[in-house]
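Coordinate inspection notes
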Amino acid sequence: MSAPSLFQGSAVALVTPFVGGKVDTAAIERLVEMQILGGTKAIVACGTTGEPTTMNAEERELTVRTVVKAVGGRVPVIAGTGSNCTQNVIDTAKRYEDIGCVAQLVVTPDYNKATQEGLYQHFMAIAEKTALPIVIYNVPTRTTLDISPEVLDRLACCEKFIGLKESSYNIPYVMEKIRHVGGRLAIYSGNDDTVIPLMALGAEGVISVVANALPQMVAQMTDSYLAGDHRTALDLQLRLMPVICAFFAEVSPIPCKAAMEMMGLCSGDLRLPL
């Protein structure tokens with residue numbers, strides 16, 4: 001049985017603009033409108049690119065609420081709730097249950113060096129104690145963890161898990177995950193430089209950083225692939241590569257915000273330690 005997907009195509013992991021040390025809600029509203037006009041199919045608020053680890057709970061909620069209000073139901077909004085403390089994920093997710101989000105993005109916990117069984121128990125506790133459907137986020141370059149195919153197989157048996165944002169560069173291992181999941185989770189590329197390779201393996205799109213600045217181009221790339229125009233999709237993936245390399249020349253979202261400031265989209269302000 002195949003799981004229904006939240007979206008197909010390009011989603012953006014939206015930056016959180018700051019001005020004067022505070023969340024710039026007016027800039028968020030402008031960025032949301034640009035994304036929707038550019039063909040973005042879903043918006044992730046307070047994902048890694050949104051710098052949630054440097055924001056307090058009130059600021060994160062303000063950001064998510066602002067995105068939801070600006071979207072106005074036109075595309076799905078997914079709220080990042082991840083933390084390396086399971087109870088903190090649960091507490092955060094509960095804040096977003098009734099404000100219009102369709103799902104939560106939960107990253108594998110960093111720093112604790114959880115075992116694979118610990119990962120399973122972490123995600124199951126969140127599933128049992130929160131209402132929002134869950135998109136699992138696997139990003140080994142940031143967390144040093146790589147969730148196993150076997151754990152994903154077990155989690156996919158629970159209907160609360162609806163997707164996997166996969167940012168591993170170990171393509172054979174990713175293929176094992178896709179084989180184990182067997183269509184029960186929608187797969188999304190978490191890396192801008194592997195969108196078309198993962199879509200060729202069955203992924204339904206990307207949750208993108210580069211789409212913050214180039215929403216139309218990223219959307220055209222994924223939409224072309226989904227429409228069967230693989231040549232155009234691959235051409236766009238290759239044309240985007242110099243931009244992608246630039247956007248990850250330093251820790252993300254430092255270059256992304258710098259580019260957006262150059263483009264006049266929002267302030268490039270970041271919070272320490274970035």
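See the structure above.
Residues numbered from 1 in each chain as written. Predicted model: local features only at pLDDT ≥ 70, side-chain atom pairs only at ≥ 80, totals over all residues. Heavy atoms only, no water.

The next point concerns the packing of helix α9 (residues 215-226) against helix α10 (residues 230-247). Packing of α9 against α10 leaves a shortest axis separation of 7 Å and a crossing angle of 150°. Between α9 and α10, the interaxial angle falls into the category roughly antiparallel. Between α9 and α10 the crossing geometry is left-handed. Between α9, through Met-217, Val-218, Gln-220, Met-221, Ser-224 and Tyr-225, and α10, the contact on the second element is made entirely by His-230, Thr-232, Ala-233, Leu-236, Gln-237, Arg-239 and Leu-240. Of the residues assigned to the contact of α9 with α10, the class counts are seven nonpolar, five polar and one charged. (Axes fitted to C-alpha atoms, helices over the stretch in contact; angles between N-to-C directions. Helix = DSSP H or I, 4+ residues; strand = E, 2+ residues; numbered from the N terminus. Parallel < 35°, antiparallel > 145°, perpendicular 65-115°, else oblique. Left-handed = near helix turned anticlockwise from the far one by under 90°. Contact = heavy atoms within 4.5 Å. Nonpolar A, V, L, I, M, F, W, Y, C, P; charged D, E, K, R; others polar.)

Turning our attention to unusual backbone geometry. A cis geometry characterises the amide bond from Ser-252 onward to Pro-253, with omega recorded as 10°. The amide bond that connects Leu-272 to the next residue, Pro-273, takes the cis arrangement and shows omega of 10°. With respect to the helices and strands, the residue Pro-273 is situated in the segment after α11 (254-262). Phi is positive for Cys-46, close to 65°, though the residue is something other than glycine. Counting through the fold element by element, Cys-46 comes out in the loop between β4 (42-45) and α2 (57-71). Notably, Thr-144 is not glycine yet its phi reads approximately 65°, a positive angle.

Below, the discussion takes up the pairing of strand β7 (residues 134-138). Counting buried residues in β7 gives five out of five residues, a clear majority hidden from the surface. Residue alternation in β7 divides its side chains into two sets, Ile-134, Ile-136 and Asn-138 and Val-135 and Tyr-137, and both sets are buried. Pairing geometry for strand β6 (residues 103-107) and β7, over four bridges, is parallel. Considered in β7, the bridge of Leu-105 is made with Val-135. When β7 meets strand β8 (residues 161-166), the two strands line up parallel, connected through five bridges. Counted as the bridge partner of Ile-136 is Leu-164 from β8. (Buried < 20%, exposed > 50% of the residue type's maximum accessible area, 1.4 Å probe, protein only. Pairing = 2+ DSSP bridges.)

Enumeration over the complete set of coordinates arrives at two aromatic pairs. Arranged with centres 4.2 Å apart and planes meeting at 15°, the rings of Phe-7 and Tyr-188 form a pair that is stacked. Separated by 181 residues along the polypeptide, Phe-7 in the segment before β1 (9-13) and Tyr-188 in strand β9 (residues 186-189) bring together distant segments of the chain. Accessibility expressed as a relative area gives 5% for Phe-7, which makes it buried. A relative accessible area of 2% means that Tyr-188 is categorised as buried. (Phe/Tyr/Trp six-rings, centres within 6.5 Å; stacked < 30°, edge-to-face > 60°.)

All right, on to the side chain of Asp-192 then. Assignment of secondary structure puts Asp-192 in the loop between β9 and α8 (195-200). Summary of buried charges: Asp-192 has no salt-bridge partner, and the nearest side chain of opposite charge, Lys-165, is 8.2 Å away. Reaching out from Asp-192, the side chain makes a polar contact with the side chain of Ser-208 at a distance of 2.5 Å. Looking at Asp-192, its side chain comes within polar contact range of the main-chain nitrogen of Val-209, at 3.0 Å. (Lys, Arg positive; Asp, Glu negative; His and termini not counted. Salt bridge = Lys/Arg side-chain N within 4 Å of Asp/Glu carboxyl O. Polar contact = N/O pair within 3.5 Å; in protein donor to acceptor, adjacent residues only side chain to side chain.)

Now for the side chain of Glu-204. Within the secondary structure, Glu-204 is located in the loop between α8 and β10 (205-208). Of the buried charged residues, Glu-204 lacks a salt bridge, with Lys-41 as the closest side chain of opposite charge at 12 Å. Within the structure, the side chain of Glu-204 is placed 3.2 Å from the side chain of Gln-8, a separation counted as a polar contact. When near neighbours in sequence (up to four residues on either side) are disregarded, Glu-204 contacts Ser-5, Phe-7, Gln-8, Gly-9, Ala-186, Ile-187, Tyr-188, Met-199 and Leu-226.

Further remarks concern the nonpolar core. Grouped together as the largest cluster of nonpolar side chains are 72 residues, with contacts concentrated most on Val-32, Val-64, Val-67, Cys-101, Ile-136, Leu-155 and Phe-161. Per-element accounting of this core gives the leading share, six residues, to helix α4 (residues 116-129). When near neighbours in sequence (up to four residues on either side) are disregarded, Leu-155 contacts Tyr-120, Phe-123, Met-124, Ile-136, Ile-147 and Phe-161. Within the second largest apolar cluster, 16 residues are counted, among which are Phe-7, Ala-13, Val-107 and Ile-207. (Core = buried A, V, L, I, M, F, W, Y, C linked by side-chain atoms within 4.5 Å.)

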